[in-house]
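Here's the letter readout for the chains.
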Amino acid sequence: MDELRTKYIDAIAAAADEAALEELRVQAVGKKGEVSLKMRELGKMTPEERQVAGPALNALKNEINSALAAKKVALADAALDARLATEWLDVTLPARNRRVGTIHPISQVTEEVTAIFADMGFAVAEGPQIETDWYNFDALNIPGHHPARAEMDTFYTHRAEGDERPPHVLRTHTSPVQIRSMEKTGAPIRIICPGRVYRADYDQTHTPMFHQVEGLALGKDISMANLKWVLEEFFSAFFGTEVKTRFRASHFPFTEPSAEVDIQCSWEGGTVKVGEGDDWLEVLGSGMVHPKVLEAGGIDPNEYQGFAFGIGIDRLAMLKYGIPDLRAFFDSDLRWLRHYGFASLDQPTLHGGLNR
Ligand code: PHE
């Protein structure tokens, strides 16, 4: 019995894992285990022998069982310790630096422009980029034969053969949203519409897709003087300095009278600075909405009048943030985006500052 004890107690102490332990249990105290077989022999013993061997075998069985249980707990503890040692994590370490995306200058400037006009009571309106011939041209007093159609380098969509309807166009300006807004809300009205526009043109200052923001204000007595104030107010807020403007008589089919507006700037060492110097830079077209346009939008020109303007957003972004080439805006070059992009949590507001 001493031999059995030494054999199993030593083996249990040396067992490497739960499977080895289970094997030992079967071998020693399982149904056909060595200790169990010995216990079966008790029946063949004399009562005297049995009185000695019985309790001794029972004690051995108990001893082996508790050794098995203790070893099982020890193995589990060791496994847990090993896991804790390898899976240890220092949660106080600084986080790994990750590249975050940036806000594109066009998006940034659109937000800035929107914040300024919202402060002056303009709501944001939208329209489709694929526009009907009517909204893009006719309703804006640009009939079929008008030279402005050709001048705008329009992209036309395809019509099936035999379909005589005029093809849809990629809107060449945001002005069709004037008509859509008039139809939607009627007068009085005060909206801006920032968005994409398209013209077949490509060089350092022209891309086939670019951005405008349209403005429209209609009321009983809105005049050219209101237009001038709104625009001067806008440019000063946008550039963060007082900006002189110059109104030049011009012509658009949808405004009468019409004016192109230049802002004061200086050219020194090849860079433009807005709000100083004696040079002028054209940034927008504007005027008093033509009576025919009001009529097309379902508004009585004898009752209402007002102004409209269209500003080039890309041009504004180039001027404000010193970006020399328009084409780079749309190249999706990560180096450019990281350099000219804006922090994503830095939303432009009038009180918090329009930019970083
Ligand atoms: N739609 C004109 C353009 O794209 C700009 C404009 C808008 C002019 C509104 C007058 C009034 O050039």
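These figures come from a predicted structure and were not determined experimentally.

Conventions adopted
- Residues numbered from 1 in each chain as written.
- Predicted model: local features only at pLDDT ≥ 70, side-chain atom pairs only at ≥ 80, totals over all residues.
- Heavy atoms only, no water.
- Helix = DSSP H or I, 4+ residues; strand = E, 2+ residues; numbered from the N terminus.
- Buried < 20%, exposed > 50% of the residue type's maximum accessible area, 1.4 Å probe, protein only.
- Polar contact = N/O pair within 3.5 Å; in protein donor to acceptor, adjacent residues only side chain to side chain.
- Near = heavy atom within 4 Å.
- Areas by Shrake-Rupley, 256 points an atom, 1.4 Å probe, with all protein chains shown as cover.
- Expected span 1.5 Å × (residues − 1).
- 1 Å grid on protein atoms, 1.4 Å probe; cavity = no way out; pocket = protein on both sides within 12 Å on 5 of 7 lines; lining within 4 Å.
- Points joined across faces, edges and corners; volume = space filled by probe spheres on them.
- Nonpolar A, V, L, I, M, F, W, Y, C, P; charged D, E, K, R; others polar.
- Pairing = 2+ DSSP bridges.
- Salt bridge = Lys/Arg side-chain N within 4 Å of Asp/Glu carboxyl O.
- Phe/Tyr/Trp six-rings, centres within 6.5 Å; stacked < 30°, edge-to-face > 60°.

Novice: Is there a simple way to think about the side chain of Lys320 in this case?
Specialist: Take Lys320: it is sitting in helix H11 (residues 313-321). A residue is classified by how much of its surface remains accessible, and Lys320, at 17% relative accessible area, is buried. Within the structure, the side chain of Lys320 is placed 2.6 Å from the side chain of Glu112, a separation counted as a polar contact.

Novice: Teacher, can you tell me more about the site of the ligand here?
Specialist: The immediate surroundings of the ligand are formed by 14 residues, with His173, Ser175, Arg199, Gln212 and Gly310 found nearest. In this structure, a nitrogen atom belonging to the ligand sits 3.0 Å away from a side-chain N or O atom of His173. Take Arg199: an N or O atom from its side chain is 2.9 Å from an oxygen atom of the ligand. Notes on the ligand: free accessible area 320 Å², of which the protein chains cover 91%. For the shell around the ligand, the leading source of residues is strand S10 (residues 305-312), giving three residues.

Novice: For this particular structure, what's the right way to read helix H9 (residues 224-239)?
Specialist: Along an α-helix, residues three or four positions apart point the same way, because every turn accommodates 3.6 residues. Across its 16 residues, H9 extends 23 Å between first and last C-alpha, which sits within 8% of the 22 Å expected from 1.5 Å per residue. The backbone nitrogen of Ala225 has a side-chain oxygen 3.1 Å away, supplied by the residue at the start of H9, namely Ser223. Residue Gly240 follows H9 closely and has a positive phi angle near 70°.

Novice: It is not clear to me how the layout of surface pockets should be interpreted in this structure. Could you clarify?
Specialist: If a probe the size of a water molecule is rolled over the atoms, the empty space left behind becomes visible. Of the voids in this model, the largest pocket is the one considered here, and its volume is about 1,000 Å³. Forming the walls of the largest pocket are 37 residues, and the residues nearest its centre are Arg199, Phe210, Gln212, Phe252 and Glu282. Class assignment of the residues belonging to the lining of the largest pocket gives a composition of 14 nonpolar, 14 polar and nine charged. Taken as a whole, the second largest pocket holds about 270 Å³ of empty space. Lining of the second largest pocket is provided by Thr205, Trp267, Gly270, Thr271, Val272, Leu281, Arg315, Met318, Leu319, Gly322, Ile323 and Pro324. Broken down by secondary-structure element, the contributors of at least two residues to the lining of the second largest pocket are strand S8 (271-274) and H11. In terms of residues, the lining of the second largest pocket owes the most to one element, H11, which gives three residues.

Novice: Sorry if this is basic, but what is going on with unusual backbone geometry here?
Specialist: When glycine is set aside, most residues are seen to have a negative phi, and most peptide bonds are trans. Here the amide bond leading from Ala187 into Pro188 is cis, since omega sits at -5°, within 30 degrees of zero. Examined against the element boundaries, Pro188 turns out to sit in the loop between helix H8 (176-185) and strand S4 (189-198). Cis peptide bonds are those with omega within 30 degrees of zero, and the linkage from Glu256 to Pro257 qualifies with -5°. Inspection of the secondary structure assignment puts Pro257 in strand S7 (residues 255-268). Unusually for a residue other than glycine, Asn141 sits at a positive phi of about 65°. On the basis of relative accessibility, which here comes to 18%, the residue Asn141 falls in the buried class. For Ser332, which is not a glycine, the phi torsion comes out positive at approximately 55°. When you line up the elements, Ser332 lands in the loop between H11 and helix H12 (334-340).

Novice: Got a minute to help me understand the pairing of strand S5 (residues 209-219) in this structure?
Specialist: A regular strand carries its side chains on alternate faces of the sheet. Counting buried residues along S5, eleven of its eleven residues qualify, which places the element largely inside the surrounding structure. Here S5 shows two buried faces, one formed by Met209, His211, Val213, Gly215, Ala217 and Gly219 and the other by Phe210, Gln212, Glu214, Leu216 and Leu218. Where S4 lies against S5, ten bridges are found, and the strand directions are antiparallel. Paired with Arg190 across the strands is Ala217, a residue of S5. As judged from the eight bridges shared by S5 and S10, these two strands associate in the antiparallel manner. Pairing of Gly215 across the sheet is with Phe309, part of S10.

Novice: Quick question: what am I supposed to make of the pattern of salt bridges here?
Specialist: Close approach of charged atoms allows side chains of opposite charge to pair. Evaluation of the coordinates by the stated rule reveals 16 salt bridges. Notably, a salt bridge pairs Arg248 with Glu260, separated by 3.4 Å at the nearest N-O pair. Placement of the pair is Arg248 in strand S6 (residues 245-252) and Glu260 in strand S7, with a sequence separation of twelve residues. Since its relative accessible area comes to 17%, Glu260 is described here as buried. Linked through salt bridges whose partners overlap, the residues forming this network are Arg246, Arg248, Glu260, Asp262 and Glu282.

Novice: It is not clear to me how the packing of aromatic side chains should be interpreted in this structure. Could you clarify?
Specialist: In this description, a pair of aromatic rings is defined by centroid distance and the angle of the planes. One pass over the structure, following the stated rule, counts 13 aromatic pairs. Relative to Phe309, the ring of Phe307 lies with its centre 6.3 Å away and its plane at 25°, an arrangement referred to as stacked. In this structure Phe309 comes out as buried when scored by relative accessible area, which is 1%. Seen in terms of ring centroids, Phe329 and Phe330 are 5.9 Å apart; in terms of plane orientation they differ by 40°. Their pairing is tilted.

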